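Residues per chain are reported as follows:
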Amino acid sequence: MLVKTRAIIIHSIRYREADLIVKAYTKSSGLKSYLVRGVLKSKKGKLRASMFQPLTILDLEANHKDKGTLENIREAKVNPAYQTLTGNIYKSSIAMFLAEVLHQAIQEEEQNQALYQFLEESFLWLDANEKYANFHLLFMVKLSSFLGFYPHQYDPDLPYFNLLDGEYQLDDTNKYCIQNENSELLKQFLLVNYDEVSGIKLNQSKRKNFIEMLILYFELHLHGFKKPRSLDILHQLF
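Residues numbered from 1 in each chain as written. Predicted model: local features only at pLDDT ≥ 70, side-chain atom pairs only at ≥ 80, totals over all residues. Heavy atoms only, no water.

- Looking at an unreviewed UniProt entry, the protein carries the name DNA repair protein RecO, with the source organism given as Mesonia mobilis.
- What the UniProt record of the protein gives under Sequence similarities (unreviewed entry) is the line "Belongs to the RecO family."
- What UniProt states about the protein under its Function (unreviewed entry) heading is, verbatim, "Involved in DNA repair and RecF pathway recombination." (UniProt positions renumbered as here; feature names shortened; annotations may be inferred.)

Here it is as structure tokens:
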């Protein structure tokens, strides 16, 4: 079936000498994997390797057989082209990290247009804005709502956050209950949007501790989720 859809590149890996296997999150069909033949050697073809960098947004025309095999891309156009995301080392490091998070976190292949819209709007915001040091932290908090474990039972008077159950509570009931700076920071992140998140003042140490907590939270709720390899680079920059 010929499909025209918006798509966000999540992951790409070299296959054989000149091919790429590309994983993309599409607006029409959810998570899809494509075999892009000859793209690493082609200089005149419609498809270029630069189109398949992490978080690139594409208008895609593809053949979907929907049989669990690799699909085929007929045409692709970058739309819109990022203005700062790829050229700014800080933003590109965030992009690399979030692409790793998404590669592990998005496991269901069904269509979810709300998730697609969240991803596209988030990355366009990052591209357009200059105050983004806390962006990836809020992104992970927001992403958890689409993955089924968004923190609930929010109450400013409940001191413990139960990472295992994803809720605030009065008492310490297991080893994954935390009552510290991270549990208080999470309360702040639950109340802000991207335009407001720079108002949460964090130094490098606090930011590192908070993201480590978020990664543990993802590990507890997503089978096979592991600490992204690009995290060390992110720690050095932020």
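Observations concerning helix 2 (residues 113-128)
Right, so step 1: Here helix 2 is 16 residues long and its end C-alpha atoms lie 22 Å apart, about the 22 Å a rise of 1.5 Å per residue gives.
Right, so step 2: Among all positions in helix 2, only L115, Y116, F118, L119, E120, S122, F123, W125, L126 and D127 are buried.
Right, so step 3: In the core, the buried residues of helix 2 are packed alongside strand 1 (2-15), strand 2 (19-26), strand 4 (57-63), helix 1 (89-105) and helix 3 (135-147).
Right, so step 4: Where helix 2 begins, one side-chain oxygen reaches toward the backbone nitrogen of A114, 3.3 Å away; that side chain belongs to N112. (Helix = DSSP H or I, 4+ residues; strand = E, 2+ residues; numbered from the N terminus. Expected span 1.5 Å × (residues − 1). Buried < 20%, exposed > 50% of the residue type's maximum accessible area, 1.4 Å probe, protein only. Contact = heavy atoms within 4.5 Å. Polar contact = N/O pair within 3.5 Å; in protein donor to acceptor, adjacent residues only side chain to side chain.)

Description of the side chain of K91
Right, so step 1: With respect to the helices and strands, K91 occurs in helix 1.
Right, so step 2: Polar contacts involving the side chain of K91 include one to the main-chain carbonyl oxygen of L126, which spans 2.8 Å.
Right, so step 3: Here N129 takes part through its backbone oxygen, which lies 2.8 Å from a polar atom of the side chain of K91.
Right, so step 4: The contact partners of K91, leaving out residues within four places of it in the chain, are T84, L85, L126, D127, A128, N129 and Y132.

What about the environment of K32?
Right, so step 1: Within the secondary structure layout, K32 lies in strand 3 (residues 30-36).
Right, so step 2: For K32, a relative accessible area of 12% puts it in the buried group.
Right, so step 3: Taking the C-alpha atoms as reference points, K32 and T69, 37 residues apart in sequence, are found 9.3 Å from one another.
Right, so step 4: Apart from the residues within four sequence positions on either side, K32 is in contact with V22, K23, A24, T26, H64, D66 and E71.
Right, so step 5: Side-chain polar atoms of K32 contact the side chain of D66, separated by 2.5 Å.
Right, so step 6: A polar atom in the side chain of K32 sits 3.1 Å from the side chain of E71.

Remarks on empty space enclosed by the protein
Right, so step 1: Applying the stated rule across the entire model yields 1 cavity of 30 Å³ or more.
Right, so step 2: Considering the residues around the largest cavity, the lining is formed by H136, Q204, R207, K208, I211, L231, L234, H235 and F238.
Right, so step 3: Secondary-structure elements contributing two or more residues to the lining of the largest cavity are helix 5 (204-221) and helix 6 (231-237).
Right, so step 4: Here the element with the most residues in the lining of the largest cavity is helix 5; it accounts for 4 residues.
Right, so step 5: Residues that form the lining of the largest cavity fall into these classes: 4 nonpolar, 3 polar and 2 charged. (1 Å grid on protein atoms, 1.4 Å probe; cavity = no way out; pocket = protein on both sides within 12 Å on 5 of 7 lines; lining within 4 Å. Points joined across faces, edges and corners; volume = space filled by probe spheres on them. Nonpolar A, V, L, I, M, F, W, Y, C, P; charged D, E, K, R; others polar.)

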